[in-house]
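# Reading the structure
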Amino acid sequence: ERGIEVVKFFPAEASGGLPLLKSMSAPYTGIKFIPTGGINQNNLCSYLSYNKVHACGGSWMVKADLISSGNFTEITRLTREAISTMLGFEFLHLGINEETKDKALNSANLLSHLFNFPLKERTNSIFASSAFEIIKNKYLGKHGHIAIATSDIHRAIAYLKRKDISVLPETAKEKDGKLKAIYIDQEVSGFAIHLLQK
């Protein structure tokens with residue numbers, strides 16, 4: 001009735017954790033929660049995977065003794081570690097641009113011949129195992145793309161935006177109304193970067 005959209009949930013773990021939050025939040029369809037209290041490196045992703053969790057807070061990154069001793073190097077390390085855990089970046093596959101369908105098929109067949117990789121042909125590409133995607137024509141990236149999977153594509157985009165790296169909206173791919181893939185406006189050694197939702 002008051003238009004509240006985000007609510008802190010504390011102490012999260014002592015109150016019953018994620019199971020309680022799921023039960024309690026069910027009737028509040030328009031409200032997101034920020035759990036704090038007992039959140040740590042081991043349960044952070046479980047909380048963040050629930051669609052009604054807006055963010056999490058955790059004092060394990062900023063312990064009182066670290067603050068009082070001025071150990072901001074360790075606070076920075078723990079915070080970066082938490083961000084890495086949250087984003088869960090992983091290499092997924094390497095995409096290689098070829099000029100034609102025939103050249104793509106030749107490259108995929110060579111990888112299959114050399115390493116016994118199974119082939120799976122799609123409309124625009126051929127996969128040699130799950131590690132190599134041979135593109136049937138030139139696309140983004142001088143040489144191709146590097147596919148990076150993430151636990152949360154929207155949080156990954158926000159994280160990269162803070163590093164002044166934007167996405168290419170015209171490359172967005174959705175499934176069931178949810179963003180599943182998008183390229184960022186950055187290349188590494190002639191390879192575009194493609195983010196994919198795990």
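These lines cover the structure that appears in this document, whether it is placed above or below. (Residues numbered from 1 in each chain as written. Predicted model: local features only at pLDDT ≥ 70, side-chain atom pairs only at ≥ 80, totals over all residues. Heavy atoms only, no water.)

### A look at the state of the cysteines
Condition: Cysteine sulfur atoms that come within 2.5 Å of each other are treated as a disulfide pair. Throughout, exposure labels follow a simple rule: accessible area from a 1.4 Å probe, protein chains only, divided by the maximum for the residue type, with under 20% read as buried, over 50% as exposed, and the rest as partly exposed.
Counted according to the given criterion, the structure contains 0 disulfides. Considering cysteine sulfurs only, cysteine 56 is the nearest to cysteine 45, which forms no disulfide, with 9.0 Å between them. Residue classification places cysteine 56 among the partly exposed positions, given a relative accessible area of 22%.

### A short note on the nonpolar core
Rule in force here: Nonpolar cores were defined as sets of buried Ala, Val, Leu, Ile, Met, Phe, Trp, Tyr and Cys residues, with membership established by side-chain atoms within 4.5 Å. Numbering of helices and strands runs from the N terminus; a helix is a DSSP stretch of H or I covering at least four residues, while a strand is a stretch of E covering at least two. When checking whether two residues touch, look at their non-hydrogen atoms; a contact exists if any pair is within 4.5 Å.
The biggest cluster of nonpolar side chains holds 18 residues, and the ones touching the most others in it are Leu21, Ile39, Leu44, Tyr47 and Trp60. Residue assignment for this core shows that the elements contributing at least two residues are helix H2 (17-25), helix H3 (44-48) and helix H5 (72-87). In contact with tyrosine 47, other than residues within four places in its own chain, are Ala12, Glu13, Gly17, Leu18, Leu21, Pro35, Ile39, Val53 and Cys56.

### What about the sheet that holds strand E5 (residues 125-128)?
The criterion, for reference: By the convention used here, strands pair only if DSSP detects at least 2 bridges between them. Interaxial angles span 0 to 180 degrees and are taken between N-to-C directions of axes, which are lines fitted to C-alpha atoms, for helices over the stretch in contact.
One open sheet holds the 8 strands; their spatial order is E4-E5-E6-E3-E7-E10-E9-E8, and the pairing between them is mixed. Since the sheet does not close on itself, it has two edges, and those belong to strand E4 (119-121) and strand E8 (167-175), each with one partner. Strand-to-strand twist of the sheet, defined as the mean angle between neighbouring strand axes without regard to direction, takes the value 25°. Inspection of the sheet shows E4 paired to E5 by 3 bridges, in the antiparallel sense. Across the sheet, glutamate 121 pairs through a bridge with isoleucine 126, a residue of E5. Those strands touched by helix H6 (residues 101-115) are E4, E5 and strand E6 (132-135), and its axis lies near 160° from that of E6. Across the sheet, helix H7 (residues 153-161) lies against strand E7 (144-150), E8, strand E9 (178-188) and strand E10 (191-197), angled at about 30° from E9, the strand it touches most.

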